[in-house]
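Given next are the chains, with one letter for each unit.
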Amino acid sequence: MKKIEIFEQAMIVGNYDVVVCGGGPAGFIAAIAAARGGASVAIVEQYGFLGGMATAGLVAPISRFNLKGRRMIGGIPWEFIERLKEMGGAIVENPPGNISFMPEKYKLIAQRLVLEAGVDLYFHCYLTGCLKKDNEITHIIFHTKEGMQSITGRYFIDCTGDADLAWYADVPMQPKSNPLQPASLCFCLGGVDTAKLPLAHHNLDTTNMHDVSIQNVLNELREKEGIPLFGGPWYSSMIEEGYLAVNMTRFSGDMTKVTDMTNAECTLHEDVFRMVELLKEHVDAFKNAFLVTTAPQVGIRETRRIKGAYILTGQDYVEGRRFPDAISRGCHPIDIHHADNTRQNVTFLEKSPYIPYRTLYVPAYPNLLVPGRCFSADETASASVRVQASVMGLGQAAGTSAALCVKDNCSVDDVNVESLREKLISMGAILD
Ligand SMILES: Cc1cc2nc3c(=O)[nH]c(=O)nc-3n(C[C@H](O)[C@H](O)[C@H](O)COP(=O)(O)OP(=O)(O)OC[C@H]3O[C@@H](n4cnc5c(N)ncnc54)[C@H](O)[C@@H]3O)c2cc1C
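Rules used in this analysis
- Residues numbered from 1 in each chain as written.
- Predicted model: local features only at pLDDT ≥ 70, side-chain atom pairs only at ≥ 80, totals over all residues.
- Heavy atoms only, no water.
- Phe/Tyr/Trp six-rings, centres within 6.5 Å; stacked < 30°, edge-to-face > 60°.
- Helix = DSSP H or I, 4+ residues; strand = E, 2+ residues; numbered from the N terminus.
- Buried < 20%, exposed > 50% of the residue type's maximum accessible area, 1.4 Å probe, protein only.
- Pairing = 2+ DSSP bridges.
- Axes fitted to C-alpha atoms, helices over the stretch in contact; angles between N-to-C directions.

### Details of the packing of aromatic side chains
Argument step 1. Under the defined criterion, the tally for this structure stands at 12 aromatic pairs.
Argument step 2. An angle of 70° between the planes, with centres 5.0 Å apart, marks the rings of Phe28 and Phe80 as edge-to-face. One end of the pair, Phe28, is in helix 1 (residues 25-36); the other, Phe80, is in helix 3 (residues 76-86), and 52 residues separate them in sequence. The exposure classification of Phe28 matches that of Phe80, with both residues buried.

### Structural notes on the sheet that holds strand 11 (residues 187-190)
In a beta sheet, neighbouring strands are held together by backbone hydrogen bonds and run either parallel or antiparallel to one another.
Argument step 1. Read across the open sheet, the 4 strands follow the order 12-13-11-14; overall the sheet is antiparallel. What marks the edges here is a single partner per strand, and that holds for strand 12 (230-237) and strand 14 (290-294). Shown here is a sheet whose adjacent strand axes are inclined to one another by a mean of 30°, direction ignored.
Argument step 2. Of the pairings in the sheet, the one linking strand 11 to strand 14 comprises 4 bridges and is antiparallel in character. Among the inter-strand pairings, Leu189 is bridged to a residue of strand 14, identified as Leu291.

### Points about unusual backbone geometry
Argument step 1. Cis geometry marks the peptide bond from Asn94 to Pro95; its omega dihedral reads 10°.
Argument step 2. On the secondary structure map, Pro95 appears in the loop between strand 5 (90-93) and strand 6 (98-101).
Argument step 3. Of note, the amide linkage connecting Asn178 to Pro179 takes the cis form, showing an omega dihedral of 0°.
Argument step 4. Following the sequence through the fold, Pro179 ends up in the loop between helix 5 (164-168) and strand 11.
Argument step 5. Unusually for a residue other than glycine, His124 sits at a positive phi of about 55°.
Argument step 6. Here His124 lies in the loop between strand 7 (120-122) and strand 8 (126-133).
Argument step 7. Using a relative accessible area of 54% as the deciding quantity, one classes His124 as exposed.
Argument step 8. With a phi close to 50°, Asn409 is a non-glycine residue in the positive phi region.
Argument step 9. With a relative accessible area of 60%, Asn409 lands in the exposed category.

Encoded structure:
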């Protein structure tokens, strides 16, 4: 492939203590935590709303806050759920503490919390690079309708899910899983007889919530008619009567590659229509269903993961290994979707695992934190922590740490871990 050289100047439009790239579940919580810790904070986000996979991917429910009925993730993530619930935008499904929600109310509450904390938002800004002095990031670069722009900062938090900022900064990455977990285009249906679908509520503790009866129908059709690849199906109440978020399409590929991403979008838009037809025709609860919308983008389960100061292993995780620098905990099962068939491996946890702070930064990168699904864990541990409540917990820790670093003028690996943990506990995080 040929390369061309381009030279463009970028307008510097802001200067902050903490710059958060990506406003998904990890990112908007990180920004609130940093701003409440006294830092000036900006979020740079490619869409015109917050929520990441929850709103741009229509991924539901928010999984999960509890293990064996005890809440394991608290603080700002739970405050967000309470605010969403107050507005009628969420149902807490106990004992697992899964959250069914309305994406539009999610966007609004996330935005209100972020703005109330004093965070500046830069929407419709696509991160395309960064400048560094040695390994210290000095500027991020993003594309806008006004051309290329830049923000300077003292600390940067990469919450892009795909570790885009870390990748631009040449941070060492772990080898990618082979194959990666599949991508799925989720969609919203109306006109569903949800009373006939008890699994629309995710209130069972140690049961995988896919609909086996529909899976059997689809498997039979797949053998007879060669229908598209699918998983689950999983679906979740969208609170309003008859509305359901559905997760069942599957595409195998690397969603950091333009060609794979384009093929995934094209294939899965076709597949959604076919799946809706099949559900209407073969499953009574869906006979009057109609497609309200597909998600703005294909849902991405797995891409890059940084090679941090510590790589959390599946064994650490399942054994509930304790770490002196634990900054959050997990509770979701280890949840691995097969790329080329309908299957999924699910391992329910006996103990709530601990997540060490060292998984959020990389040695010799003094001002970068990377929470969210691209944090430093192996394939197994990350297959649990990648879910929304868990990444919110990581975001809270990263934002809180960044604010402490601002105050102490130290690098992210030099932060006083005891103060960080004390601060997190005072905010409501559950670390014991
Ligand atoms: C099909 C599917 C089903 C899932 N099911 C569940 C489930 O049932 N329950 C659950 O809790 N979790 C589920 N997950 C996992 C979960 O949704 C994600 O792992 C989680 O949202 C990751 O959060 P994050 O903040 O790290 O990244 P994301 O949610 O991906 O957010 C990243 C944010 O960064 C922005 N961004 C990315 N790149 C750039 C860029 N270059 N410039 C500017 N902005 C950028 C994005 O627009 C987005 O807002 C599922 C995921 C998928 C794909």
